[in-house]
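Here's the letter readout for the chains.
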Amino acid sequence: MTLFEKIIAREIPADIVYEDELVLAFNDINPQAPVHVLVIPKKPIPRIAEAEPDDHQVLGHLLLKAKDIAGDLGLQKNGFRLAINNGKDAGESVPHLHLHILGGRAMTWPPG
Ligand code: AMP
């Protein structure tokens, strides 16, 4: 069971900001911006590269909820970044798909 599956199962505590039947969102333990929330599917898809056509509903929901959560956290006006790290070169560290919502400060581009 991955770390994030343990958070879904409430075996590990997290600062949860949103939950429904398909996704869970919680504050990142090591925030890289004033707002740093992770949105994860409850289905244990390891990474976006391993998502399948049947996952289209959960993936669409993940993005739409990320947008709603960003709005609820006050990021609509100044903007926010959504990021998915896939694999070693991207710095993926937990093998359970997660969408980072980052906001509350100006971001640089390209990312490091
Ligand atoms: P990534 O590097 O894209 O795989 O992102 C994994 C993220 O999970 C990192 O930003 C970590 O800070 C975060 N993280 C690791 N453990 C926890 C935890 N127990 N609760 C909340 N966030 C976590």
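This report concerns the structure included in the present document. Quick caveat: nothing in here was measured; it's all calculated off a predicted structure.

## Here's the deal with the sheet that holds strand β4 (residues 80-83)
Move 1: Read from one edge of the open sheet, 5 strands run β1-β2-β3-β5-β4, paired in antiparallel fashion. Every other strand in the sheet has two partners, leaving β1 (16-19) and β4 as the edge strands with one partner each. Between one strand axis and the next, the sheet turns through 20° on average, direction left out of account.
Move 2: The pairing of β1 with strand β2 (residues 23-27) spans 3 bridges and is antiparallel.

## Regarding the environment of Leu 73
Move 1: Topologically, Leu 73 is positioned in the loop between α2 (56-72) and β4.
Move 2: Between the C-alpha atom of Leu 73 and that of Gly 103, which follows or precedes it by 30 residues, the distance is 9.1 Å.
Move 3: Ignoring sequence-local partners within four residues, the contact set of Leu 73 consists of Val 35 and Val 37.

## Section: the nonpolar core
Note on soluble globular proteins: their nonpolar side chains tend to be buried together.
Move 1: In this structure, Val 37, Val 39, Leu 62, Ile 69 and Ile 101 are the most contacted members of the largest nonpolar core, which totals 15 residues.
Move 2: Considering each element in turn, this core owes the most residues, 5 residues, to α2.
Move 3: With sequence-adjacent residues up to four places away left out, Val 37 is seen in contact with Val 17, Ala 25, Phe 26, Asn 27, Asp 28, Ile 69, Leu 73, Leu 99, His 100 and Ile 101.

## Focus: the side chain of His 100
Move 1: Considering the arrangement of structural elements, one finds His 100 in strand β5 (residues 99-103).
Move 2: Assessed through its relative accessible area of 12%, His 100 is described here as buried.
Move 3: Of the polar contacts made by the side chain of His 100, one reaches the side chain of His 36; its length is 2.8 Å.
Move 4: If we ignore the near neighbours within four places in the chain, the residues touching His 100 are Asp 28, His 36, Val 37, Leu 38, Arg 81, Leu 82, Ala 83 and Asn 85.

## Here's the deal with the packing of aromatic side chains
Move 1: Scanning the entire structure with this criterion turns up 1 aromatic pair.
Move 2: Ring geometry for Phe 4 against Phe 26: centres 5.4 Å apart, planes inclined by 75°, an arrangement best described as edge-to-face. Residue Phe 4 is located in helix α1 (residues 3-8), and its partner Phe 26 is located in strand β2; the two are separated by 22 residues in the primary sequence. For the pair shown, Phe 4 and Phe 26 are each scored as buried.

## So, the pattern of salt bridges
Move 1: Applying the stated criterion across every chain, the model contains 8 salt bridges.
Move 2: Among the ionic pairs, Glu 19 bridges to Arg 10, the shortest N-O distance being 2.6 Å.
Move 3: Residue Lys 43 is joined to Asp 55 by a salt bridge in which the shortest nitrogen-to-oxygen separation is 2.5 Å. Here Lys 43, found in the loop between β3 (35-41) and α2, pairs with Asp 55, found in the loop between β3 and α2; they are 12 residues apart in sequence, far enough to count as distant.
Move 4: For Lys 43, a relative accessible area of 40% puts it in the partly exposed group.
Move 5: Salt bridges sharing partners connect three or more residues here, namely Arg 10, Glu 19 and Lys 42.

Each value, and the rule that gives it
- Residues numbered from 1 in each chain as written.
- Predicted model: local features only at pLDDT ≥ 70, side-chain atom pairs only at ≥ 80, totals over all residues.
- Heavy atoms only, no water.
- Pairing = 2+ DSSP bridges.
- Helix = DSSP H or I, 4+ residues; strand = E, 2+ residues; numbered from the N terminus.
- Axes fitted to C-alpha atoms, helices over the stretch in contact; angles between N-to-C directions.
- Contact = heavy atoms within 4.5 Å.
- Core = buried A, V, L, I, M, F, W, Y, C linked by side-chain atoms within 4.5 Å.
- Buried < 20%, exposed > 50% of the residue type's maximum accessible area, 1.4 Å probe, protein only.
- Polar contact = N/O pair within 3.5 Å; in protein donor to acceptor, adjacent residues only side chain to side chain.
- Phe/Tyr/Trp six-rings, centres within 6.5 Å; stacked < 30°, edge-to-face > 60°.
- Salt bridge = Lys/Arg side-chain N within 4 Å of Asp/Glu carboxyl O.

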